[in-house]
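Chains, contacts and geometry: an overview
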Amino acid sequence: MESPENNITAEQIILRWDSTASEDARTRMIFEQHDRQEINRYLQAVDQIQTSMNSTTLSDGESKKLNNAIQIAMARLEDEFRNILITNSTPIETEPITESISLTPRTTPRNSSFHASPENENSGNRRDESISRISSASFTDRNERSVTFASYRSMNSIREQDLLPPESISDLRSIAERMIAAGYFRECVQVYGSVRKSVVDGSFKKLGVEKLSIGDIQRLDWEAMNAKIGRWIRAAKVCIRVLFASEKKLCKQIFEDLGSTAADDACFIETVKAPANQLFNFVEAISISRRSPEKLFKILDLHDSLLDLLPDIDDVFDSKPAESIRIQAPEILSRLAEAARGMLSEFENAVLREPSKVPVPGGKSKHYKDNSLAHLFIMNNVHYIVQKIKGSLELREMIGDQYLRTLTRIFRQAATNHQRATWIGVLHCLRDQGLHSTGSFSSGVSKSALRERFKSFNAIFDEVHRTQALWLVPDEQLREELRISILEKLIPAYRSFLGRFRNHISDNYIKYSVEDLENGVLELFEGLAVSQHSRRRSQ
């Protein structure tokens, strides 16, 4: 590195780039010229002056000149530092990250919303075809797995990115080193924080994280709040695991081991404290908002998501300056658990009092004309709640095993009620009663009664097939269990009925073979119209 020959040479180099004395110095930046020799010359001049200032033999005049030069140099380096940051900083590309970010393992289902189903092209007058998207659940013992907190930890969840080019990082570190050595630590931190915070704000906007006060959030209607909760859950993963983690990495790359204080930690907090508070304020506002049963599922989703992120929050905000942010998350988590506990009793009361009027996630009440759908809704959503509780030690301890057993009993009973409400009419058609001319089994079969019986069976099965094919149970294991349970009751009864009466009626009245029924049942709970199943089978 070329060194100035003496103090005068070093001072001249500094003064040559004094933006207050030269138009050329005002319009040009040292580090933008890509002249490494000039960059090194300037940095060496700063080093030379700082070394000279430590001399004990300086006269008052010399000391004043050196102090003036170092002040000019620090002003220039501050401008250079800011310019490098601004010209090389852009918000992260959030869309591909949101799609690919690692999701931590869960045993509880993720879909808690109760959405409208795809509309059949002829569904205008068809009852309840708009009802679908049942939350996933299961009523069998093998799905009732208890999970520990550790299962929520993804060992590969943090996804740090390189936010600046290596050359820019090297230049920024060279400048920061000299500013901190000269006693300009606070100025360096403030410049860094202001520029990087604006970049983080830009990433927040891309992620849909809005600047809302707690009051603003609590004044939202539930439909708007519901949408923002879903957006927050997706955005929070990116903010913690990518955005904040990458900002922390950049701070270490530039500031680690510079000065006597933890400069990297100070710069990181300067950058992310306000955005982090903005992120957590949203959940805090939800946790203390007015409680109502329809909010229960989203509260559980928020609790699940925040619990999932706790280890990553501890990793990212592990320094002493970040302690206030780090302790926020478990405090909010406890408030969410408390809110969920209060909503659970209201939800249970609604279920036991009148299942057909249970408030659904999203804030709308459905008065189900179809009892089987009401029972399926209760089964899925109560089981969803059970799994959420089992997945959180805090929730389980707060709610207690006795109440958990009560909820388990509710969803099991709902599963039984759904099958009874759906299939009792179908199975009723397969009884012998009323088909014999004199009422005796050995007497002749009434062909007219048998024809009506097959017509009734075909019509009822058609209706069940048409409507419940549109209902969606997202959880694959639950879907299979429901189908198997139905087949175990339906197929033996139908096969026996066909065996006894097939020879007494024309094949024109036998619409379904045993295989046809099996295929029909296997199409239930897919959220697809019957015509879509037919097209899919033909492909």
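The rules we used
- Residues numbered from 1 in each chain as written.
- Predicted model: local features only at pLDDT ≥ 70, side-chain atom pairs only at ≥ 80, totals over all residues.
- Heavy atoms only, no water.
- Axes fitted to C-alpha atoms, helices over the stretch in contact; angles between N-to-C directions.
- Helix = DSSP H or I, 4+ residues; strand = E, 2+ residues; numbered from the N terminus.
- Parallel < 35°, antiparallel > 145°, perpendicular 65-115°, else oblique.
- Left-handed = near helix turned anticlockwise from the far one by under 90°.
- Contact = heavy atoms within 4.5 Å.
- Nonpolar A, V, L, I, M, F, W, Y, C, P; charged D, E, K, R; others polar.
- Expected span 1.5 Å × (residues − 1).
- Bend = angle between axes of the 7 residues up to and from the residue.
- Core = buried A, V, L, I, M, F, W, Y, C linked by side-chain atoms within 4.5 Å.
- Buried < 20%, exposed > 50% of the residue type's maximum accessible area, 1.4 Å probe, protein only.

**A short note on the packing of helix α10 (residues 263–287) against helix α11 (residues 296–316)**
It is at 11 Å that the axes of α10 and α11 come closest, and there the two elements cross at 160°. Comparing their axes, α11 and α10 come out roughly antiparallel. For α10 against α11, the interelement crossing comes out left-handed. The residues of α11 that touch α10, namely those facing F268, F280, V283 and I286, are I299, L302, L306, I313 and V316. Tallied by class, the residues present in the contact of α10 with α11 amount to nine nonpolar, no polar and no charged.

**A word on α10**
The terminal C-alpha atoms of α10 lie 35 Å apart, and with 25 residues this matches the ideal 36 Å at 1.5 Å per residue to within 8%. At V272, α10 shows its maximal bend, which comes to roughly 45°, and the proline P275 appears one to four places after that position.

**Looking at unusual backbone geometry**
Even without glycine at this site, D257 takes up a positive phi of about 70°. Within the secondary structure layout, D257 lies in the loop between α9 (222–255) and α10.

**Regarding the nonpolar core**
Generally speaking, nonpolar side chains in soluble globular proteins are found buried as a group. The biggest cluster of nonpolar side chains holds 146 residues, and the ones touching the most others in it are F81, F244, F255, F317, F457 and Y494. When residues of this core are assigned to their parent elements, the largest contribution, 18 residues, is made by α9. What F255 contacts, discounting residues up to four positions off in sequence, is F81, R173, A176, I180, C188, Y192, A263, D264 and C267.

**With respect to the packing of helix α4 (residues 60–88) against helix α7 (residues 185–207)**
The contact between α4 and α7 brings their axes to 10 Å, and the two run at 20°. Here α7 runs roughly parallel to α4, going by the angle between their axes. Along this stretch, α4 crosses α7, giving a crossing that reads as right-handed. For the pair formed by α4 and α7, the contact residues are E78, F81, R82, L85 and I86 on the first element and E187, C188, V191, Y192, V195 and R196 on the second. Of the residues that constitute the contact of α4 with α7, the class distribution is seven nonpolar, no polar and four charged.

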